[in-house]
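Topology and contacts: notes
Listed below are the residues making up each chain.
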Amino acid sequence: MVKLAEWRGKEIFQKYGIPTPEGRVVRSAEEAEKLVRAGTVPLPCVLKAQVLAGGRGKGGAVRFAASAEEARSAAQAILGLEFQGEKVRELLLEPKLPLAKEFYLSLTLDRSLRLPVLIASAQGGVEIESVAEGSILRLPIHPFTGLVGYERRRVVRAFGLSGPAAQSLDGLLTRLWTAFDREDAELVEINPLALVGDRIVALDAKVIIEDDAGFRHPEYAELLDDRTPLEEIAREKGIAFVQLDGNIGVIANGAGLTMATLDVLAEFGGRPGVFLDLGGTDDPAKVTEAFLLMAKARPSAVFLNIFGGVTRCDTVAKGLVEAMRQVPPTDRFPLVARIRGNNEAEGTAILREAGVTSVPDLKESVQAAVKAAQGAIAASPGGSR
Amino acid sequence: MVKLAEWRGKEIFQKYGIPTPEGRVVRSAEEAEKLVRAGTVPLPCVLKAQVLAGGRGKGGAVRFAASAEEARSAAQAILGLEFQGEKVRELLLEPKLPLAKEFYLSLTLDRSLRLPVLIASAQGGVEIESVAEGSILRLPIHPFTGLVGYERRRVVRAFGLSGPAAQSLDGLLTRLWTAFDREDAELVEINPLALVGDRIVALDAKVIIEDDAGFRHPEYAELLDDRTPLEEIAREKGIAFVQLDGNIGVIANGAGLTMATLDVLAEFGGRPGVFLDLGGTDDPAKVTEAFLLMAKARPSAVFLNIFGGVTRCDTVAKGLVEAMRQVPPTDRFPLVARIRGNNEAEGTAILREAGVTSVPDLKESVQAAVKAAQGAIAASPGGSR
Amino acid sequence: MSVLVDAGTKVVVQGITGHQGTVHARQMKLFGTPVVAGSTPGKGGSTVEGVPVFDSVAEAVERTGANAACIFVPAPFARDAYIESVDAGIPLAVIVTEHIPFHDMLSMYHYGRARGARIIGPNCPGIASPGKAKVGIIPNVVFHPGRVGVISRSGTLTYEIVSGLKEHGLGQSTCLGLGGDPVVGTSFVDALPLFEADPETDVLVLVGEIGGTAEEDAAAEIRRHFTKPVVAYVAGRSAPPGKRMGHAGAIIARGKGTAESKLNALREAGAEIARFPYEIPEIAARLQKERARR
Amino acid sequence: MSVLVDAGTKVVVQGITGHQGTVHARQMKLFGTPVVAGSTPGKGGSTVEGVPVFDSVAEAVERTGANAACIFVPAPFARDAYIESVDAGIPLAVIVTEHIPFHDMLSMYHYGRARGARIIGPNCPGIASPGKAKVGIIPNVVFHPGRVGVISRSGTLTYEIVSGLKEHGLGQSTCLGLGGDPVVGTSFVDALPLFEADPETDVLVLVGEIGGTAEEDAAAEIRRHFTKPVVAYVAGRSAPPGKRMGHAGAIIARGKGTAESKLNALREAGAEIARFPYEIPEIAARLQKERARR
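On a predicted model such as this, the values are computed, not experimentally measured, just so you know. (Residues numbered from 1 in each chain as written. Chains lettered and ligands numbered in written order. Predicted model: local features only at pLDDT ≥ 70, side-chain atom pairs only at ≥ 80, totals over all residues. Heavy atoms only, no water.)

1. Observations concerning the interface of chain A and chain D
The cut-off we apply is this: Working rule for contacts: check all heavy atoms of both residues, and any pair within 4.5 Å makes them a contact. Throughout, the accessible surface (probe 1.4 Å) given up by two parts as they are put together, summed over both, is called the buried area. The term salt bridge refers to a pairing of a side-chain nitrogen on Lys or Arg with a carboxyl oxygen on Asp or Glu at a separation within 4 Å. Side-chain atoms alone can form a polar contact between residues adjacent in sequence; in general such a contact is a pair of N or O atoms within 3.5 Å, and within protein one must be able to donate a hydrogen while the other accepts it. Think of it this way: any DSSP run of H or I at least four residues long counts as a helix, any run of E at least two long counts as a strand, and we number them from the N terminus. Gly falls in the polar group here, along with every residue not listed as nonpolar (Ala, Val, Leu, Ile, Met, Phe, Trp, Tyr, Cys, Pro) or charged (Asp, Glu, Lys, Arg).
Every contact between the two is made by 58 residues of chain A and, on the other side, 65 residues of chain D. Here chain A meets chain D over a buried area of about 4800 Å², counting both sides, of which 58% is carbon and sulfur. The largest contributions to the chain A side of the interface with chain D come from R111, R114 and M259 of chain A, which together make up 17% of the buried area. If you look at where chain A meets chain D, you find five salt bridges. Across the contact surface, chain A and chain D share 20 residue pairs in polar contact (both at pLDDT 80 or more). Tallying contributions element by element places helix α7 (residues 255–267) of chain A first for the side of chain A that touches chain D, with ten residues. In terms of residue class, the side of chain A that touches chain D is built from 27 nonpolar, 13 polar and 18 charged.

If you want it as structure tokens, here you go:
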């Protein structure tokens, strides 16, 4: 998923005609002061840290200013703050609009219904989780009809609007649907959506684009996700790679098997440090790359658990053997392998030749991996050849 | 229906990215000569009369020119020609492209399937009616999916294209579908569609927009249809009005009843001159307007045949009586009326008070109207009070 | 049993607060149809002709159990109104509104179909089963209960014909006005099996128009699956080619959809042809008698 | 009888000329499934693994009577490929392709449903009934005919579990891998009634994952309508919140979709819970015995 910074989300809103405050992105306190002094951003104004993490308001990363000096010092205070490891490098500087009311609005997917769902609440500006379920409107939208009139009217009624404000919301709803649909969004969320005079304005923008739709949206290819640097490298190579806080590296194929492996590992006292889902691949080179990536994460031991389907056992074994040849001496680690399924015999033979034993039983193999990480034994020479 | 002139159709094509020759519209021979001399339109070029009627090619309204002088004289020859009563006032001046192959392509509605249908033939540049049914491809398109890949591939295969030309056609097909859908078209037709080098280019454009979608397309409101001036006035007033070559004016409500009335009229020797379908109305003023419009067409007699549904008999009677009061003495004509259905008694009473007798039997009333038109009797004082 | 509507039909009128909506809600009630609800956004809580009005169709259904919609909403909003009725779970909608763009009708038709809902119309008189229920705008005065079914693409011509049947003492089982627009929710082909299955219909009157191929399609269906006697009339035999006859898309183009083509197809399928509307009752009466004798 | 596939299943492989398509066409044949056709635009007339290749699915259906599709077409073209199979009249498609945008899946799912067609997947192992037919990519080696049904959101984990069943001497009736994507064509809720109705299934193994509410929905369905014994395993109990576990959209957000929530729901619905994959065979064996005794 590609989470967009607020200002990028607002850029998309503008593209679809959804009103937002006229803001500017700044990267320094001087810039903020200058823009206010020049009248480019009128006073009073608001400065908002452009980070993907939540909790900006409580964390002091959203501040108001009534003068250019205040804007400067507010910017200074926010820039350099850290949110869940993410440093604030950009601010969004916007006029503080005189709002009469705040609402909540979002579009996302309802997996059970297999329909997009519009979520609306007349209580905006607060965490939607804190709003009573009864005062939240959920409208499933059929992809063949889009958001139709009676659905938009239900939102208008829930928000208690009439006249030009109702018309403004009606138009915004259609545009928000179009944006969600055309941008292949997983989520578009406006909180708060505000009534300013008789216009409805999106004061915030949270937009998440679906990774898988990337082929339709080269414009998002460059955008960072909330990944660590190693995770980023993995992404580029098409490998799912997640860093946790333990010391055992887990390589498996398929999300379910990976998770089940972690479950068993936890049961026997192992702490996963990195896990890496090979997905479906038939290319030994990809396996080699994955393995080398794992080596970079410096695990105490690696547990490889492969059940061959699309990914055949011999492919994995070949890639693994090649990786073991390439791993630099400094990065070597003990390895426990378990390969089952398609071409199991061929794969096992290749591993055996390289001096690696496949432990067919899941419980036994996990126990071996935990022991290996504890330094008790190097279950196999791994990268130590 | 709003038939668009070729150049307007090509404007729409360009809006959707469908390649067309780069042409100019000219209204005089001088203009044509100038554009060619200035190199704005390169030589050799083609000059095409911008009329809505068919048969331009055979009628000498499409000519080629290899020099500015030839362009001038060709323009002179075409301007002022008449096609089915339509004078040529505009020419489209385009470069004559070196085409390798001509195809036929259109999108229209299949009423039986309730689906848009793509019609394609590798034999373009000729009347599609003359092409053998077996060499015409008909692909129904589902509105929920649009024109999908395998359907586009069928057209590419039918046209025998590959490589860049195939890609060019594939893109054009998607764009043509989008144009048909977004512009609320009844018909988009390209004949010929040409292979020029390895690009596919629309050499002609026939676009018909649906009247009823006018509320979504104010941009077409001004465009003329193939109506006579009185028909045009009627259209503005929301009355269906058609001029024929007989002498009896027929006012009825509903297309079916109007046609059935003409059928009976013809059976008894009557010749309809104008017919006017009130449609569904509940406004006496609209009836009055319709009647006054009918008076302008100077019928020998008028036959009014109303079956009251949405249009109630008393509404029609009131409007009729008011119209009879307003018709100037010079425009008066004999009138035969038949009003049945909703509020028949009230309507009949209003007419009787104004001196008009409603003849309830269809056959009898038609016979009376035919006689009235023959001048044998004025069945009722009509507009003669 | 009758076709599509019966004594259990409960109507919600969408757009009841408009002039046409109000007039015809009253007429449907006078016909004896339970008009249980109306809907007009923003007018919830009011009453029209004694019928409670709701802001949405969903509320109307929840509170009144409405199971058929009669739609009078103006063309630009008709698509939304129909989708609202489908989403509210209403399986049958009569759309009276005219001038709905056919592109809208395409999406309405296929959406409804995917959800198991049926449209009659648009731009149609609707459906009536004398003595049972009426959804639409066919004038009440023309009906009489009986055993002749009527399917028609026309509006007022249908009233003319049904009125003629009544005057000749022929009552109707169900009378269905399909509408003559380019895209209709229910066509002759869709309607024929319903009348075939209806034990209350002995004879069918089929009223067509020039333009399109609906009558040719109907002929094919009659030949294959329809066993009851049919009398057919096709309006527009004398209409000039190339001109549009009224609002509906009745255009003769390229020799297809002509009266001849339709009449020949119907005749070959075994239908008796009426040359004029006033010939229909006699033929229908004769066919009914012949059927009774068998 | 088995679930969705049987001895009458005839498969067309869409994208058969690609590497995966070729490999798995061969595997399906080795399983004993009649792979009657392949389709790849522009490759019509060729042969892959002895299977005739057609330019279009429609041709494949016309010439071979294929009635199930197995789709290996790359994600950007998967929507088109599926619509092609639906339009060709194929009622069942297993979509193996991963990374299909869910917006595409929404339109595929609802289009198929409107036309009476079913999707299994995407990003799924497919379906197999040992001794009858396999459509998809589940390794042949893991199966053994028997009376345990398996429904799973996972791929390789399913193979692991089916393999475990086999090693414990438990054969399978039908094994169905739903895929773990945000939008799947067939969910637990859709699949449960099929296994309920299948006379060849005695016991059901349900394999879930954290994320979404598919298991909670399944629990509700089991409680209401499912009468056979169920053993359930949910993967990801120890997965850290907020991190995406692999390619599928398995995200724990806001306390919904946790392993706890799912396990509780399933337990309350009467399912027996396996804490680890290797506990499943024993529990399944016991449940089967208990059922036999009743």
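Once you've had a look at it, read on.
2. Observations regarding helix α2 (residues 29–37) of chain B
Each full turn of the α-helix corresponds to 3.6 residues, which orients residues three or four apart in the same direction. Residue and element names in this part refer to chain B. This is how it is decided: Burial classes: relative accessible area under 20% of the type maximum marks a residue as buried, over 50% as exposed, and values in between as partly exposed (1.4 Å probe, protein chains only). The directions considered for the arc are those from the helix axis to the C-beta atoms.
Regarding α2, the residues found buried are A29, A32, E33, L35 and V36. Along α2, the residues classed as buried sweep out an arc of 165° about the axis, all on the same side. Of the exposed residues in α2, the ones pointing more than 90 degrees away from its buried face are K34 and R37. Positive phi shows up at G39, right after α2, with a value of about 80°.

3. Points about the sheet that holds strand β7 (residues 118–120) of chain D
Stated formally: By this definition, two strands are paired if DSSP reports at least two bridges between them.
The strand order across the open sheet built from seven strands is β3-β4-β2-β1-β5-β6-β7 (chain D), with neighbouring strands paired in mixed fashion. The open sheet has two free edges, formed respectively by β3 (47–48) and β7 of chain D, since each of these has just one partner strand.

4. Some points on the sheet that holds strand β4 (residues 62–65) of chain B
All names here are of chain B. As a reminder, the rule being used: To obtain an axis, a line is fitted to C-alpha atoms, over the contacting stretch when the element is a helix, and the angle between two such axes runs from 0 to 180 degrees between their N-to-C directions.
One open sheet holds the four strands; their spatial order is β2-β7-β3-β4, and the pairing between them is antiparallel. A strand with exactly one partner marks an edge of an open sheet, and here the two such strands are β2 (24–26) and β4. With direction set aside, neighbouring strand axes in the sheet form an average angle of 25°. Pairing of β2 with strand β7 (residues 91–95), which is carried by three bridges, proceeds in the antiparallel orientation.

5. Examining the pattern of salt bridges
Close approach of charged atoms allows side chains with opposite charge to pair. With the rule as written, the count across this model stands at 70 salt bridges over all chains. In this structure, R37 of chain A engages E33 of chain A in a salt bridge whose closest nitrogen and oxygen atoms are separated by 2.6 Å. In this pair, R37 of chain A and E33 of chain A are both assigned in helix α2 (residues 29–37), four residues apart and thus about one turn of the helix distant. When the shortest N-O distance is used, the salt bridge between R153 of chain D and E215 of chain D registers 2.6 Å. Linking R153 of chain D in the loop between β10 (145–152) and α5 (156–167) with E215 of chain D in helix α7 (residues 214–225), this pair joins segments that are 62 residues apart in sequence.

6. Here's the deal with the pairing of strand β8 (residues 101–110) of chain B
All names here are of chain B. As paired strands, β8 and strand β11 (residues 185–196) are joined by seven bridges and run antiparallel to one another. Residue pairing for β11: S106 is matched across the bridge by E189. Pairing between β8 and strand β9 (residues 115–121): seven bridges, direction antiparallel. Paired with T108 across the strands is V117, a residue of β9. Once β8 ends, the chain turns through four residues before running back antiparallel as β9, passing R114 with a positive phi of about 55°.

7. Here's the deal with the domain arrangement of chain C
Residues and elements named next belong to chain C. Where we set the bar: Boundaries of every domain are those given by an automatic assignment or by a domain database.
Each domain of chain C was delimited in the assignment, giving domain 1 (11–120) and domain 2 (138–293). Computed from C-alpha coordinates alone, the two centres of domain 1 and domain 2 are separated by 26 Å. Taken residue by residue, the interface counts 13 residues in domain 1 and 13 residues in domain 2. Roughly 1100 Å² is buried in total at the junction of domain 1 and domain 2, and carbon and sulfur atoms are behind 59% of that figure. One can count zero salt bridges joining domain 1 with domain 2. Where domain 1 packs against domain 2, one counts three residue pairs in polar contact (both at pLDDT 80 or more). At the level of secondary structure, the elements contributing two or more residues to the side of domain 1 that touches domain 2 comprise α1 (19–31), α4 (102–114) and β7 (118–120). Of the residues forming the side of domain 1 that touches domain 2, the biggest block, four residues, is contributed by α4.

8. Structural notes on the domain arrangement of chain A
Each domain of chain A was delimited in the assignment, giving domain 1 (22–95), domain 2 (101–221) and domain 3 (229–383). Inter-centroid distance (C-alpha atoms) of domain 1 of chain A to domain 2 of chain A is 26 Å.

9. Re unusual backbone geometry
Look at the link from L43 of chain A to P44 of chain A: it is a cis peptide, with omega at -10°. Looking at the element boundaries, P44 of chain A is found in the loop between α2 and β3 (45–49). Each neighbour pair has its own omega, and for N191 of chain A with P192 of chain A the value is 5°, a cis peptide bond. For P192 of chain A, the location among the structural elements is in strand β11 (residues 185–196). You will see that R114 of chain B, though not glycine, has its phi angle at about 55°, which is positive. Relative to the elements of secondary structure, R114 of chain B occurs in the loop between β8 and β9. Exposure remark for R114 of chain B: the relative accessible area of 5% places this residue in the buried category.

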